[in-house]
Amino acid sequence: METAINQTFKTKATKLLGVNKEDAKISKTYLFVSFVILLVGGFLGLAQGLNRAGLLELPSWLNYYQVLTMHGVFMLLAFTTFFTFGYLYAGLSHELGGLLPKVRKFVWTAFASKIIGAVLVVIPILMNEASVMYTFYPPLKAHPMFYIGLVFFAVGMWLCNVGAFIQVANWRKNNKGKHVPIFSYFATGINVLMFFALIPVAIEVLYLIPWSLGWVKTVNVMVSRTLFWAFGHTLVNIWYLTATSAWYVIAPKLIGGRRWSDTLTRVVIIALVIMNITGGFHHQIIDPGISLPVKMMHVFMSLAIGFPSLMTAWAMFAVFEKTARKQGGKGLIGWYKKMPWGDVRFLALFISMASFAPAGAGGIAQTTNQLDTVVHNTMWIVGHFHLTLGVTVALAFFGISYWLVPYISGRVLTPQINKLGVIQTWIWTIGMIFMSGAMHTVGLFGSPRRTSFTTYGDHATALGWNPYMMAMAVGGTLLIIGVILQVYAVINMMFFAPRGETEFPIAEAEENASPTPYWTERWGLWIVVMLLVVAMAYVVPLTEFIVNAPPGSPGFKTW
Amino acid sequence: MQQFIYGLLLLIALAIPPIAHFMESVMIIHMHMQMPMVVFAGFLMARLFMDRFPRFFDKWNGNGVPGILLFVIIVGFWTLPRSMDDALTEQSVEVFKFVSLSLLAGFPLRDSWKRLNSLGKNILFIFFTILFLVVGWLYIDAPVQLCNNYLVIEQITLGWGFLTTAICIVIYLIYITFTDRTKYE
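Residues numbered from 1 in each chain as written. Chains lettered and ligands numbered in written order. Predicted model: local features only at pLDDT ≥ 70, side-chain atom pairs only at ≥ 80, totals over all residues. Heavy atoms only, no water.

> In this structure, what is going on with the overall build of chain A? I would like to understand it.
What chain A contains, in helices and strands, is 16 helices and zero strands. Expected size for 559 residues packed as a compact globule is a radius of gyration near 24 Å; at 23 Å, chain A falls within 12% of this value. Considering only C-alpha atoms, chain A reaches an extent of 70 × 50 × 45 Å along its principal axes. Taking all 559 residues of chain A together, 60% fall into the buried category. Taking as baseline every contact in chain A between residues at least 6 positions apart, the subset at least 24 positions apart corresponds to 85%. Surface accessibility of chain A: about 21,700 Å² in total, with carbon and sulfur atoms responsible for 71%. Across chain A, the 37 positively charged side chains and the 20 negatively charged ones have centroids separated by 5 Å. (Helix = DSSP H or I, 4+ residues; strand = E, 2+ residues; numbered from the N terminus. Rg over C-alpha atoms; globule rule 2.2 N^0.38 Å. Buried < 20%, exposed > 50% of the residue type's maximum accessible area, 1.4 Å probe, protein only. Contact = heavy atoms within 4.5 Å. Areas by Shrake-Rupley, 256 points an atom, 1.4 Å probe, with all protein chains shown as cover. Lys, Arg positive; Asp, Glu negative; His and termini not counted. Charge placed at Lys NZ, Arg CZ, Asp CG, Glu CD.)

Written out as structure tokens, the structure is:
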């Protein structure tokens, strides 16, 4: 009873006093770093895109593969993870009555670890000693400092995960028998997924360190790739789940509606957590050394992940339609007019969501062995992940920033910044349509990925790709304008916008909702099921790769 | 009734020759995917019979022990290399596999699980952990082919499948031993 009163008091206090200052500092720091990285990563992307289109000659001290590696590391590892934790911890603090002092220590230590890691990773790339791309596939061998930096970065992520677990466990102890509030439930799922996904890549990196130091002569390439993708694919889905959290929890509030079924939401999260890590295998669908029946089984495993995504799509549009009709929307399509299209917080989330339809469809095509054989080593794949990460995830993050940054900064979103945000969102969308569309198309014509600009001795086929390269460059230029506007908006909302209260927009559960079953809270059980699925999926290829291993490979520096 | 139909459909799907042939072409998929799915199909179908004939189950499986013993015997039998070979060679044994794993393993598991007390459940978990560790070690360490139908590499893979499953059960046992649910629920 006492704890219940304390909790109510705390919740009320949080509501009255707004955001907890110390917790806001955490989120603000994480988000600030995230958007600075976006700015730098954006310029690197532009340089790379223009160079790839044959429009820009890079200076002699900087080569294409260096820029490519840095762009990947900045955007995929740093921008996304810093943003994710800034966002999740703001939500945990808001929903669970402020972070525990112990948890804050965890998050700050994590921050230090991640920054040290990032610096250690970037130095060898700048020295041109680690142009191995963000996937760092052996036998490409980077400087040992690169791998050591990755370890620090991973430790930072683990500390953030553990901090979130402590926070949620503490809340559950004080609120026996209650369901963890929905945003924190998403945060739990995301952290569980990240915690376990980091294990395989940590094993890989801990093997690569002695190899890069020369203590071990050779490395098992296939095992390394498999361990990498167990993490790599899950990382993609961690961003996706972060974006999904905003679709389910935030978007309904922004349009003045309520959330869709609480049970369905939680089941989607559990399903994504259980089935995700094994999805990594479809990134290796044309790798050698894996028998066809095993590849077939993995097509099913991967398509299974599509199922909760379809549930999400259905739930989202159901919420939109229900809310719009309540507000007087009519007709089969006419109700769309009632949506707040002028509100950047909604517009960005909506486009992010809508883009997942073609992005997901492309993903399903790539999961299929025969179709993937056509596109796997082409620009199509680059187009695919610019559509998923660049639109679905990035626009969701941008949309979130328009209320999250003012919320943690004790400021408000002004109409001017809202307008700027709407313009930014459209520029970004059009830029990505150009760039990703051109990449998809030119990929179908055979233009390879992971190669710098070349005309292959003015071969006719290669010359035929050039118009698409131009379209890519146009898209890239629009995107850098988008990046600059976005970073300007974030800095403005963080430091210069008028002071005031901004709400953390969490939508209520639907009216007359049926109670959510308690088994959704049994994370221990779901984690064991997830481990079992992972064990079953990976035991086949890994045993084959290790028992029937070819001679290991020495390291190569091809750049 | 709905669950019965789902279970039956799953059973039929698994028994369709191309699907059965495909799943049986890889040793670990045969034992760790096809067989558990047949048990699961029986598990789903059991509900109808439990509702229709409650007295039969009460009479013969009052405390859940007879049912779970039957389950253990059937599942134990199907972890043997020889039984898998037989299923692939003899049509009648293949039919017996589908019938036994659904009716004699899936059914009693469903009925017994809620009748067993926590001690019984934990004994079952520990039994299967030990069984999986031993069988896993057998499959990994055997220097010769144990099944005529599968290569040694597949045997080793299956062995590791058993070991990792055993590890997962151990993790679950540690989890339920060291976390106090009453603190949270």
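> Help me understand the packing of helix 16 (residues 523–547) of chain A against helix 9 (residues 152–178) of chain B, please; the structure alone is not making it clear to me.
When two helices pack together, their arrangement is given by the angle between the helix axes and by the axis-to-axis distance. At their nearest, the axes of helix 16 of chain A and helix 9 of chain B sit 9 Å apart, and the two run at 155 degrees to each other. With respect to helix 9 of chain B, the axis of helix 16 of chain A lies roughly antiparallel. Here helix 16 of chain A runs over helix 9 of chain B; the crossing is right-handed. Touching Gly524, Leu525, Val528, Leu531, Leu532, Ala535, Met536, Val539, Val540, Thr543, Glu544 and Val547 of chain A of helix 16 of chain A are Ile153, Ile156, Thr157, Trp160, Gly161, Thr164, Thr165, Cys168, Ile171, Tyr172 and Tyr175 of chain B, all from helix 9 of chain B. Split by residue class, the contact of helix 16 of chain A with helix 9 of chain B holds 16 nonpolar, six polar and one charged. (Axes fitted to C-alpha atoms, helices over the stretch in contact; angles between N-to-C directions. Parallel < 35°, antiparallel > 145°, perpendicular 65-115°, else oblique. Left-handed = near helix turned anticlockwise from the far one by under 90°. Nonpolar A, V, L, I, M, F, W, Y, C, P; charged D, E, K, R; others polar.)

> Help me out: how do you make sense of the interface of chain B and chain A in this one?
For interface size, the figure often reported is the accessible area lost on association. Facing 23 residues of chain B, the contacting portion of chain A comprises 23 residues. For the chain B and chain A pair, buried surface summed over both sides reaches about 2,100 Å², with 77% attributable to carbon and sulfur atoms. Where chain B touches chain A, the interface holds zero salt bridges. Taken together, the connections running from chain B to chain A amount to two residue pairs in polar contact (both at pLDDT 80 or more). (Buried area = accessible area lost by both parts, 1.4 Å probe. Salt bridge = Lys/Arg side-chain N within 4 Å of Asp/Glu carboxyl O. Polar contact = N/O pair within 3.5 Å; in protein donor to acceptor, adjacent residues only side chain to side chain.)

> For this particular structure, what's the right way to read the environment of Arg47 of chain B?
Mapped onto the elements, Arg47 of chain B comes out in helix 3 (residues 27–52). Along the chain, Arg47 of chain B and Ser118 of chain B lie 71 residues apart, while their C-alpha atoms are 22 Å from each other.

> Would you take a moment to explain the domain arrangement of chain A for this structure?
All names here are of chain A. Domain parsing of chain A yields domain 1 (22–271) and domain 2 (344–500). The straight-line distance from the C-alpha centre of domain 1 to that of domain 2 is 19 Å. Every contact between the two is made by 42 residues of domain 1 and, on the other side, 43 residues of domain 2. A combined buried area of about 3,900 Å² lies between domain 1 and domain 2, and 82% of that area is made up of carbon and sulfur atoms. When the buried area of domain 1 at its contact with domain 2 is split by residue, Phe35, Arg52 and Trp247 rank highest and sum to 19% of it. Inspection of the region where domain 1 meets domain 2 yields zero salt bridges. (Domains from an automatic or database assignment.)

> How should the pattern of salt bridges be read in this particular structure?
Side chains that carry opposite charge are capable of pairing whenever their charged atoms lie near each other. All names here are of chain A. For the structure on display, the rule yields 19 salt bridges over all chains. Note that Arg225 is salt-bridged to Asp287, the shortest N-O span being 2.9 Å. Here the residue Arg225 occupies a position in helix 7 (residues 221–254), and Asp287 occupies one in the loop between helix 8 (262–276) and helix 9 (292–326), the gap between them amounting to 62 residues. Each member of the pair, Arg225 together with Asp287, is buried. Lys322 is the salt-bridge partner of Glu510, the closest N and O atoms lying 3.8 Å from each other. Placement of Glu510 in the loop between helix 15 (466–496) and helix 16 and of Lys322 in helix 9 is noted, with a sequence separation of 188 residues between them. Owing to a relative accessible area of 42%, Lys322 belongs among the partly exposed residues under this scheme. Several salt bridges share partner residues, and in doing so they unite Arg259, Asp262, Arg266 and Glu521 into one network.

> Please clarify how the nonpolar core should be interpreted in this entry.
A general tendency of soluble globular proteins is for nonpolar side chains to be buried together. All names here are of chain A. Tyr87, Phe136, Phe146, Tyr147 and Leu404 are the most contacted members of the largest nonpolar core, which totals 242 residues. Top element by residues in this core is helix 7. It accounts for 20 residues. Other than its neighbours up to four places away in sequence, Phe146 contacts Leu120, Val121, Pro124, Ile125, Ala130, Val132 and Phe136. (Core = buried A, V, L, I, M, F, W, Y, C linked by side-chain atoms within 4.5 Å.)

> Which parts of the structure should I look at to understand the side chain of Ser224 of chain A?
Residues and elements named next belong to chain A. Of note, Ser224 is situated in helix 7. Among the residues examined, Ser224 registers a relative accessible area of 5% and is labelled buried. When residues no more than four places from it in sequence are discounted, the contact partners of Ser224 are Pro138, Glu204, Leu208 and Val219.

> Explain helix 7 of chain A to me, please; I cannot follow it from the model alone.
Since the α-helix turns once every 3.6 residues, residues separated by three or four places project in the same direction. Residues and elements named next belong to chain A. Compared with an ideal rise of 1.5 Å per residue, which puts 34 residues at 50 Å, helix 7 spans 48 Å between its outermost C-alpha atoms and is within 8% of the ideal. At Trp247, helix 7 is deflected by roughly 30 degrees, the largest bend along its length. The N-terminus of helix 7 is capped by Asn220, whose side-chain oxygen sits 3.3 Å from the backbone nitrogen of Met222. Looking one or two residues past helix 7, Gly256 carries a phi angle of roughly 80 degrees, positive in sign. (Expected span 1.5 Å × (residues − 1). Bend = angle between axes of the 7 residues up to and from the residue.)

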